[in-house]
Amino acid sequence: MLLFFILGLFVHFVFFGSIFDIYFTSPLVHGMTPQFTPLPPPAKRLVLFVADGLRADTLYELDENGNSRAPFIRNIIMHEGSWGLSHTRVPTESRPGHVALIAGFYEDVSAVAKGWKENPVEFDSLINESKYTWSWGSPDILTMFAKGAYGDHVFTYTYDADSEDFGAHDVTKLDTWVFDKVKEFFHAARNNQSLFSKLNEEKIVFFLHLLGIDTNGHAHRPSSREYKDNIKLVDAGIKEMVSILEHFYGNDGKTAFIFTSDHGMTDWGSHGAGHPSETLTPFVTWGAGIKYPQKVSAQKFDDAFLKEWRLESWKRQDIHQADIAPLMASLIGVPFPLNSVGILPVDYLNNTDLFKAESMFTNAIQILEQFKVKMTQKKEVTLPFLFIPFKLLPESKQLNIVRKARSYIKQRKYDEAVSLCKELIHLALKGLSYYHTYDRFFLAINVVLGFLGWTSYASLLIIKSHFNLTRGVNKEVKKPSHLLSCSCIAIGVSVAFFLLLQGCPWTYYIYCLLPVPIWYAVLREFQVIQDFVTLLLTVPPSYFVGYLLVFILGIEILVLSFFYRHMLTAGLLAFAGWPFITQLWTRAKSISLSWIFFSLLLAVFPLMPVVGRKPDIFLVMGAGLLVLLLSLCVLTSLIKRKDSFINEELLLHLFQMLSIVLSMCVTYSTHSSLRKKQGLPLLNQIISWLILAFSLVLPLLSPTSLFERLFSILLSLMSTYILLSTGYEALFPLVLSCLMFVWIQAEQETLQQRGISCKQKVTSVRFTCSTDITQFRQLYLDDVRRAFFLVFFLVTAFFGTGNIASVNSFDLASVYCFLTVFSPFMMGALMMWKILIPFVLVMCAFEAVQLTTQLSSKSLFLMVLVISDIMALHQPLRDCHVHDHRSGVSQWPGPPAHDKETQTLWQTQKPPHMMLPKPSFNIWILLPILLLH
């Protein structure tokens, strides 16, 4: 049993790891030659203002009095520069956004494993290519570009990381700190000859990272007065910075300014996913080399933004976020960042047509260099007869386009040259995507083969373990033939040799060789397969087809619930009717009514909003009071039932009730303190961490009787869950636990209806380290239903009150009782524990069902694994990259049909799925239930 679960964990960890090799590999290549425009640039210096977390609509729109929140920026739009929207990509986080802005490529998704803080791979950036760069702002952002820069030409000034406190009285100090430091810097430069000479060099960059708006948005939401007032402060600060710079350089007209944001923010104060409020950011630029405002009578955009913002008369030019990097490089004349995939927005440039054409030609050559390196790398590790080149851009076409573009420039046909360069860029980018995903189909096929083999093997173990499924079938055991063994060895050696010739990474060996022993184990049981098929042929076809359709329908509902939460409601409504199709309704009406009531009550939660809701502390308090009331009832019942209630048991119950009371007090006090902008009280923080620590220990001290142990676990986990709750979700574990208690009772009742005598009542069953295996019985069809119930309840536990498939559904306010200073790993761990608490409750109930129904845990877990693995097979079938080798076109599957807003941006964004991979869901199923034993 232990060996099997170790094997199962290994297999599923391998499958889980394959997700990163298939979907989340680094897109970067190295070995390109730097490319820069050969003509003199229009600007000597560039100033980049990045207002972290600033939404485009909140900046551009007028307030209730018809006035702009950012009058200086609006004046720039109308009188001095150009403007538009910058379209970002998923994930809309600070690091990926800044990498796209400054390096010109969309972040290596493997950086998520480092909290978007460290460089997973080295990359080039505008800051690295500059002669000198001075930057002020957050240590999380500035240090990553300083680490990636060569030499000592990058100077960073950062505040302490503890200053990023969501509970602070005034977080605008993050921005005022930047403005004050810049003022001090330029004042000191007048008395420092060395610094003064550096500041008067060409190709220098000033980078001001302004984090206050983002912090206020998380703490108070974008609709708050604090968020909007912070925009006014930033606008005034930028106005002052521009004045200081112009004065310092004597208004020489050689400074270019860019103001933008790394990402936006949802109405509920989060970001990370692909909602338009997160992906649409402002972009305003003015100064040297930038076109002046252009008044137009009509615009090419059909959205209502221009009219809402009253900017319909000023030409709007939208760009992709990665396009900003080549624009900045062109303005100050530095080489385009080597890894940039941005396309120079020439319409923003106020320069000669020759300069625009040369800059676009440089941009095309820079991206084509990446394509060539990527193609060469893939060609070197692929056998010649297997290599399929990108058909749309062969070498002959590359040379033809480059020669033609250069000829157009010489003939002064600048518009034709620009168009041709854009065509080359689009083809090269498609080719980059093609070669980046070249192995995806191959890897996905191997993973699917492994998954199918594992699912088949687990199914065969179930069949072999239970006599009633093979009764009357020939039991003669045949030794596996040598041919099978030799064939599998030959296949394994051939696959290994093939991978060795291609120089594949060591992980490829695991993905490709793992299916071989798995399928060997399956084919060894060919006689069992044959006997099982013979047995199935004895079943009436109508019964077989009926059961098969019900099983398929159940699986599809489970899979759809990963994308449409309301499917959980449909499933729970169906569950409510379960007593009526069995004898449970006639034999145990009280249990049936309880089951129906709690199923219907639980069905409400998936219909509740996941995001966009306001915190409701009174619902959290109400959940705590209900738990206390239930505790008093249970305590009274236990005292009456037990002749001698041990003092230690009583003290434990009282202590856990005290933990609930403390959780309620801390939650209310913290909410009140943060609302008054007094920060997180230290005492509250200490108590919260103590409650979390004790909640993991106290259940182990409770009595081993089933009912008392489960209730002790509920009390301990609820004390933590209340601290992590902000609204109605605090009621979810309580309702779920009540349904789980009824489920345990109902399962024992259904077992008795089948004529199987239960040696113990539910209230007298005890958890022990060793279980009498003689109590275990054979498998029945009803046990498949029990396994399905478990998987459904696990999915409900994951998605009942939240959507872990979307990054922006997490509310940072959930962890404010524990910490308010930004710490992605700690905050992520706390929110993950909040998600897992209902999961733990379901798994505990399942362990109790296994004991009360006298079925071996191995059999039940195997059935659960088979169901979840079949679900997991939908992942590669739905999300697997569709790769057409004939055309060389790579396509991502679109977003769910109901997500119209994301669909409108899909063609330009094509983000990777943030869906929780179902193989990881299976890993959790295999974890031991330590709280019970």
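So, here's what we can say about the structure. Quantities reported herein were computed from a predicted structural model and do not represent experimental measurements. (Residues numbered from 1 in each chain as written. Predicted model: local features only at pLDDT ≥ 70, side-chain atom pairs only at ≥ 80, totals over all residues. Heavy atoms only, no water.)

**Section: the overall build of the chain**
Reasoning step 1: Within the chain, the regular secondary structure consists of 37 helices and ten strands.
Reasoning step 2: Every one of the 933 residues in the chain was classed for burial, and the buried ones make up 57%.
Reasoning step 3: Taking the intrachain contacts of the chain between residues at least 6 apart in sequence as the baseline, contacts between residues at least 24 apart amount to 79%. (Helix = DSSP H or I, 4+ residues; strand = E, 2+ residues; numbered from the N terminus. Buried < 20%, exposed > 50% of the residue type's maximum accessible area, 1.4 Å probe, protein only. Contact = heavy atoms within 4.5 Å.)

**A few points about helix α29 (residues 682-695)**
Reasoning step 1: Its 14 residues place the ends of α29 20 Å apart at the C-alpha level, agreeing with the 20 Å of an ideal helix rising 1.5 Å per residue.
Reasoning step 2: Within α29, burial applies to Asn-684, Ile-687, Ser-688, Ile-691, Leu-692 and Ser-695. Looking straight down α29, one finds that the buried residues subtend no more than 135 degrees of arc, so they occupy a single side. The exposed residues of α29 that point more than 90 degrees off its buried face are Leu-682 and Leu-683.
Reasoning step 3: Those residues of α29 hidden inside the fold are in contact with α28 (647-675), α30 (706-723) and α33 (824-852). (Expected span 1.5 Å × (residues − 1). Arc of directions from axis to C-beta.)

**Things to note about the packing of helix α17 (residues 440-465) against helix α34 (residues 857-872)**
Reasoning step 1: Running from amino to carboxyl end, α17 crosses α34 at an angle of 155 degrees, the nearest separation of the two axes being 9 Å. Classified by the angle their axes make, α17 and α34 are roughly antiparallel. Crossing handedness for the pair α17 and α34: left-handed. Taking contact as the criterion, the partners of Phe-451, Trp-454, Thr-455, Ala-458, Ser-459, Leu-461 and Ile-462 in α17 are, on α34, Leu-862, Met-863, Leu-865, Val-866, Asp-869, Ile-870 and Ala-872. (Axes fitted to C-alpha atoms, helices over the stretch in contact; angles between N-to-C directions. Parallel < 35°, antiparallel > 145°, perpendicular 65-115°, else oblique. Left-handed = near helix turned anticlockwise from the far one by under 90°.)

**Observations regarding a nonpolar patch on the surface**
Reasoning step 1: On the surface, Phe-655, Leu-658, Val-661, Leu-662, Leu-682, Ile-686, Leu-690 and Phe-694 cluster together into a nonpolar patch covering about 670 Å² of accessible area.
Reasoning step 2: Here Leu-658 lies in helix α28. (Patch = residues over 30% accessible without salt bridge, like charges linked within 9 Å, V, L, I, M, F, W, Y side chains within 5 Å. Areas by Shrake-Rupley, 256 points an atom, 1.4 Å probe, with all protein chains shown as cover. Salt bridge = Lys/Arg side-chain N within 4 Å of Asp/Glu carboxyl O.)

**Quick word on the environment of Asn-363**
Reasoning step 1: One can find Asn-363 in helix α14 (residues 353-380).
Reasoning step 2: Asn-363 has contacts with Phe-336, Gly-342, Ile-343, Leu-344 and Ile-425, leaving out every residue within four places of it along the chain.

**Considerations on the sheet that holds strand β5 (residues 204-210)**
Reasoning step 1: Across the sheet, eight strands lie side by side as β4-β3-β5-β1-β6-β7-β2-β8; this open sheet has mixed pairing. If you trace the sheet from one side to the other, it starts and ends with β4 (154-158) and β8 (319-320), each paired once.
Reasoning step 2: Sheet topology places strand β3 (residues 132-137) next to β5; five bridges connect them, and they run parallel. Considered in β5, the bridge of Tyr-132 is made with Ile-204.
Reasoning step 3: Along the sheet, helix α10 (residues 225-248) makes contact with β1 (45-51), β5, β6 (255-260) and β7 (280-287), crossing β6 at roughly 170 degrees. (Pairing = 2+ DSSP bridges.)

**Re the pairing of β6**
Reasoning step 1: Within β6, six of the six residues are buried, which leaves it mostly tucked inside the rest of the structure.
Reasoning step 2: Examined bridge by bridge, β1 and β6 share six bridges and lie parallel to one another. Bridging from a neighbouring strand, Val-50 pairs with Thr-260 of β6.
Reasoning step 3: Direction of pairing for β6 relative to β7: antiparallel, over a ladder of five bridges. The residue of β7 that forms the bridge with Phe-257 is Trp-286.

**Examining the packing of helix α24 (residues 566-576) against helix α26 (residues 589-602)**
Reasoning step 1: For the pair α24 and α26, the least separation of the axes is 8 Å and the interaxial angle reads 170 degrees. Judged on the interaxial angle alone, α26 and α24 are roughly antiparallel. Across the interface between the two elements, Leu-572, Leu-573, Phe-575 and Ala-576 from α24 touch Trp-595, Ile-596, Ser-599, Leu-600 and Leu-602 from α26.
Reasoning step 2: Taken together, the residues that form the contact of α24 with α26 break down as eight nonpolar, one polar and no charged. (Nonpolar A, V, L, I, M, F, W, Y, C, P; charged D, E, K, R; others polar.)

**Remarks on the pairing of β3**
Reasoning step 1: Burial within β3 is extensive, with six of its six residues counted as buried.
Reasoning step 2: Alternating residues of β3 divide into Tyr-132, Trp-134 and Trp-136 and Thr-133, Ser-135 and Gly-137, and every residue in both groups is buried.
Reasoning step 3: As paired elements, β3 and β4 share five bridges and run parallel to each other. Residue pairing in the sheet places Trp-136 in a bridge with Tyr-157 of β4.

**Notes on the pattern of salt bridges**
Reasoning step 1: Per the counting criterion, the structure on display carries 23 salt bridges.
Reasoning step 2: With a closest N to O distance of 3.3 Å, Arg-225 and Asp-229 form a salt bridge. Placement of the pair is Arg-225 and Asp-229 together in helix α10, with a separation of four residues, close to one helical turn.
Reasoning step 3: Accessibility expressed as a relative area gives 56% for Arg-225, which makes it exposed.
Reasoning step 4: Connected through salt bridges with shared partners, the residues Glu-747, Asp-782, Asp-783, Arg-785 and Arg-786 form a single ionic network.

**Some words on the side chain of Thr-281**
Reasoning step 1: One can find Thr-281 in strand β7.
Reasoning step 2: Under the relative-accessibility criterion, Thr-281 is labelled buried at 0%.
Reasoning step 3: Excluding its chain neighbours within four sequence positions, the residues that come into contact with Thr-281 are Leu-54, Ala-56, Gly-84, Leu-85, Ser-86, Thr-88, Thr-260, Ser-261, Asp-262, His-263 and Gly-264.

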